[in-house]
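# Inside the fold
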Amino acid sequence: MSNITAAVIANRNKKHFLGVPAPLGYVAGVGRGATGFTTRSDIGPARDANDVSDDRHAPPATKRKKKDEEEEEDEDLNDSNYDEFSGYSGSLFSKDPYDKDDEEADAIYDSIDKRMDEKRKEYRDRRLREDLERYRQERPKIQQQFSDLKRSLASVTSEEWSTIPEVGDSRNRKQRNPRAEKFTPLPDSLISRNLGGESSSTLDPSSGLASMVPGVATPGMLTPTGDLDLRKIGQARNTLMNVKLSQVSDSVTGQTVVDPKGYLTDLQSMIPTYGGDINDIKKARLLLKSVRETNPNHPPAWIASARLEEVTGKVQMARNLIMRGCEMNIQSEDLWLEAARLQPPDTAKAVIAQAARHIPTSVRIWIKAADLESETKAKRRVVRKALEHIPNSVRLWKAAVELENPDDARILLSRAVECCNTSVELWLALARLETYENARKVLNKARENIPTDRQIWTTAAKLEEANGNIHMVEKIIDRSLTSLTVNGVEINRDQWFQEAIEAEKSGAVNCCQSIVKAVIGIGVEEEDRKQTWIDDAEFCAKENAFECARPVYAHALQIFPSKKSIWLRAAYFEKNHGTRESLEALLQRAVAHCPKSEILWLMGAKSKWMAGDVPAARGILSLAFQANPNSEDIWLAAVKLESENSEYERARRLLAKARGSAPTPRVMMKSARLEWALEKFDEALRLLEEAVEVFPDFPKLWMMKGQIEEQQRRTDDAAATYTLGLKKCPTSIPLWILSANLEERKGVLTKARSILERGRLRNPKVAVLWLEAIRVELRAGLKEIASTMMARALQECPNAGELWAEAIFMETKPQRKTKSVDALKKCEHDPHVLLAVSKLFWSEHKFSKCRDWFNRTVKIDPDLGDAWAYFYKFELLHGTEAQQQEVLDRCISAEPTHGESWCRVSKNIQNWQFKTPEVLRAVVRELSIPI
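Residues numbered from 1 in each chain as written. Predicted model: local features only at pLDDT ≥ 70, side-chain atom pairs only at ≥ 80, totals over all residues. Heavy atoms only, no water.

This paragraph deals with the side chain of Ser-480. Along the chain, Ser-480 turns up in helix α24 (residues 470-486). On the accessibility criterion, Ser-480 (0% relative accessible area) is buried. Here Ile-477 takes part through its backbone oxygen, which lies 2.4 Å from a polar atom of the side chain of Ser-480. Every residue in contact with Ser-480, bar those within four places of it in the chain, is listed here: Trp-457 and Trp-496. (Helix = DSSP H or I, 4+ residues; strand = E, 2+ residues; numbered from the N terminus. Buried < 20%, exposed > 50% of the residue type's maximum accessible area, 1.4 Å probe, protein only. Polar contact = N/O pair within 3.5 Å; in protein donor to acceptor, adjacent residues only side chain to side chain. Contact = heavy atoms within 4.5 Å.)

As a further point, take a positive patch on the surface. A cluster of basic residues, Lys-640, Lys-670, Lys-700 and Lys-907, forms a positive patch on the protein surface. Tracing the chain through its elements places Lys-700 in helix α37 (residues 699-711). Lys-700 sits in the partly exposed class, given a relative accessible area of 42%. (Patch = residues over 30% accessible without salt bridge, like charges linked within 9 Å, V, L, I, M, F, W, Y side chains within 5 Å. Areas by Shrake-Rupley, 256 points an atom, 1.4 Å probe, with all protein chains shown as cover. Salt bridge = Lys/Arg side-chain N within 4 Å of Asp/Glu carboxyl O. Lys, Arg positive; Asp, Glu negative; His and termini not counted. Charge placed at Lys NZ, Arg CZ, Asp CG, Glu CD.)

On inspection of all chains with the given rule, the structure shows 11 aromatic pairs. Between Tyr-648 and Trp-912, the aromatic rings sit 6.0 Å apart at their centres with planes inclined by 45°, giving tilted as the arrangement. With Tyr-648 in helix α34 (residues 648-661) and Trp-912 in the loop between α49 (900-906) and α50 (916-926), the pair connects residues that are 264 residues apart, well separated along the chain. Residue classification places Trp-912 among the buried residues on the basis of a relative accessible area of 16%. (Phe/Tyr/Trp six-rings, centres within 6.5 Å; stacked < 30°, edge-to-face > 60°.)

The next subject is helix α33 (residues 632-644). Each turn of an α-helix holds 3.6 residues, which means side chains three or four residues apart point in the same direction. Here α33 contains 13 residues, and its C-alpha end-to-end distance of 18 Å stays within 8% of the 18 Å for a straight helix at 1.5 Å per residue. Taken across its 13 residues, α33 has 10 buried, putting it largely inside the fold. Inspection of α33 places Glu-632, Ile-634, Trp-635, Leu-636, Ala-638, Val-639, Leu-641, Glu-642, Ser-643 and Glu-644 among the buried residues, and these make up the whole buried set. The inward-facing, buried residues of α33 abut α31 (598-610), α32 (614-627), α34 and α35 (665-677). Directly after α33, the chain includes Ser-646, whose backbone phi takes a positive value near 65°. (Expected span 1.5 Å × (residues − 1).)

With that settled, the discussion passes to the nonpolar core. Core analysis: the biggest nonpolar cluster contains 212 residues, and Leu-803 and Leu-920 have the highest contact counts within it. When residues of this core are assigned to domains, at least three map to each of domain 1 (274-431) and domain 2 (451-560). If sequence neighbours within four positions are ignored, Leu-920 has contacts with Trp-868, Ala-869, Tyr-872, Leu-888, Cys-891 and Trp-902. (Core = buried A, V, L, I, M, F, W, Y, C linked by side-chain atoms within 4.5 Å. Domains from an automatic or database assignment.)

Before going further, it helps to spend a moment on the UniProt feature "coiled-coil region" (unreviewed entry) in the protein chain. Annotation from UniProt places "coiled-coil region" (unreviewed entry) at residues 125-152. Taken end to end, residues 125-152 is 86% helix and 0% strand, and its two terminal C-alpha atoms sit 36 Å from one another. (UniProt positions renumbered as here; feature names shortened; annotations may be inferred.)

Along its 13 residues, helix α45 (residues 831-843) runs 18 Å from first to last C-alpha, staying within 8% of the 18 Å computed at 1.5 Å per residue. Every buried residue of α45 is accounted for by Pro-831, Val-833, Leu-834, Leu-835, Ala-836, Val-837, Ser-838, Lys-839, Leu-840, Phe-841, Trp-842 and Ser-843. Buried residues belonging to α45 abut α43 (801-810), α44 (813-826), α46 (847-860) and α47 (865-878). Taken from the residues just after α45, His-845 is the one with a positive phi, measuring 60°.

One pass over the structure, following the stated rule, counts 47 salt bridges. Put simply, Arg-364 and Glu-333 hold a salt bridge, and the shortest N to O gap is 3.1 Å. With Arg-364 in helix α17 (residues 363-372) and Glu-333 in helix α15 (residues 333-342), the pair connects residues that are 31 residues apart, well separated along the chain. A relative accessible area of 36% means that Arg-364 is categorised as partly exposed. With a relative accessible area of 25%, Glu-333 lands in the partly exposed category. The salt bridge involving Glu-644 is made with Lys-915; its shortest N-O contact spans 3.3 Å. Of the two residues, Glu-644 is situated in helix α33 and Lys-915 in the loop between α49 and α50; the sequence distance between them amounts to 271 residues. Judged by its relative accessible area of 19%, Glu-644 falls in the buried class. The exposure class of Lys-915 is partly exposed, given its relative accessible area of 39%. The network of salt bridges with common partners includes Arg-307, Glu-310, Glu-338 and Arg-341.

Here it is as structure tokens:
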């Protein structure tokens, strides 16, 4: 019974909600404010901490999975992502695979959207402009609001403009604030009157009037504690003004005595010359002061201190410092010299005299003392006084000799060499002033005293040569080398060569040659002899010491008589720097040692021919035939010699023999060219037809055949010849150009372009073909097409000087300079670009620069005939006769063979006998002045 009662009581006390699920939204402890906190791990990253989870009793994994699914659905299908027209913005099928059909569908929809957008674009743009205009009308800019007022400013006159008050103008402020309180300073007389009926000459600082007097009752100023006597202030001011006026006025006339120039000069002298930081000066001053006090016997410290003050403009302080330094270091010549430099001239003499008393053996002090004297007599007196104290000073003896006339100088030098017997300069100076016999004695004594100096020996050799004793020169040089070697002196080849060059410059030719012969083999390895001697000869030629170079070549040829390269170098040296006789003598020796060298024979024959000795030239060539029976060059040289001297039958016979013994393409070409020049066209064509059958790959034969047919007005045959020649010689650039020019002259411009295009395809990156194609368009008047082709050409051949030169003058005048700069960057040393720049300066009338650039052009490429022609034409118009003759002589010496205009004249068959001057003048006549 008791058990039943206990169970009933327990059920009665049991809460009805125990064991049942919690209602929706129930949170334990909310009613009494005992809610717990929630962490991120409980609610996940997409939940707010204050949200109440409906599934808080579910397992954590289930809750998290369900929560992620709901969030994903909410993200895609919520109301914020829904549009009545477009639907949901997210993808409803993002979980499905994306295949090719989907990609194709997306592409179709994108194209439709793009098409629809293009349809609406015009309407949308117009709508945007209208909205913008409406907005600007409702809310105009400040600039637009004042536009009408700004336009009316055009009618404002200068007077009205000048009356407009400036911003912050005091007059304007006064007008704006007319009732502002005004303060006017009162004069002393008014203040000293009776104020308030009382007679007083003082002013109470606490009164309001004290603010009108400067320095009284002013904040921040020292205010007197007692009364202020205004009369005394006025009297003191008047007294001060009188003192200032008396300083600048003359007491008699009342005129001003201030020198305005001197006043300005004094002001200028007060400006410090040092522009650095004042703190650096103070630091340096303190540092140097510390050095002086620590070690007062250190002269550089005193010198540095004085120079610091000098730099900062305090010259007097610098003088005082340096004199104190001289007192502390009485034996320092640097200090005395610095003191003399800082002092005025008169004071400097006294300072240097004091220094000479303290340091009588200082050469620098005596030299400074002589420099301070203005008269020659006083200088002599100082130098002689110095020599009494320092008789072995070479510098003092030289200074003394410079002040004397030649006779007195010889006497002084006689004494000088006794005191300074090791000075080479004094011995040589004495030898120059003496007679021949005495000079020999002087030099002998010099050699005894100084046996290790080479200058004494070379001077003795020059002395003997100057007096006609040529046989003694070589002996003296040989003895010098022996003596110097015995005395342990190393023989330096470079120094002796330099000595030889100096001897040649002084006119001692035999001496220089003797020196070269004596030292040329010293210190040279056997395997390096040839190259070393060639370098020595080129060095001498570069130094314009031609007499030194000749014995070098002579010695090298004596050691290597069969070396053709040395003979050629020696021959070119004689051709450029020697005489015709010396060249011919050298060539005779050369062909004797090198009979198989054709060029040596040809140089000898040409030298005789140029001198007008045609029989001698024939004799040389006949000897050359014997030594080289089948030489093409000798055959052709003989033909040229005969043809140039109008011996045409002799030339024909020689060519016939050459075709029989040495049938080469050049021989066939020269044979046909001779007949062409003599207007034997049929014979020339027969020879050419035979030649092209035997030598089809020699392009000049095809070119000559086509040109002869053009001259006979057989243009179709010429075109066929060029076409056949291009098939045989597709790499011949002139053949392509001749073919294209023929079609252009026939008026078939399209075919000319086609030929040049085929030529560029067959020979890529050839600038000449591009240039010809551009010029075809320019001659046709199609400048735009030519400019386009030029751009393509420069892309394919960026370093082609011919193209850049043409491009410069294709530009308008203002753009040419920029184009020339670009051309020089790409082709700095190209002669065509340099020639174009020269013409550009000519067109701008900058004649001096034009001449300089012409010289640069012909120096870089002396074989470019066009440069010589333009240079000569420029000198004919703007140069003197001497300049014209100089250019002509240089051109004849260079013998140019290339250049577009040059070859057009020189290759013309009608000008086949033209020499270089005639070709030059003919080209000049064809050239036009650059504009």
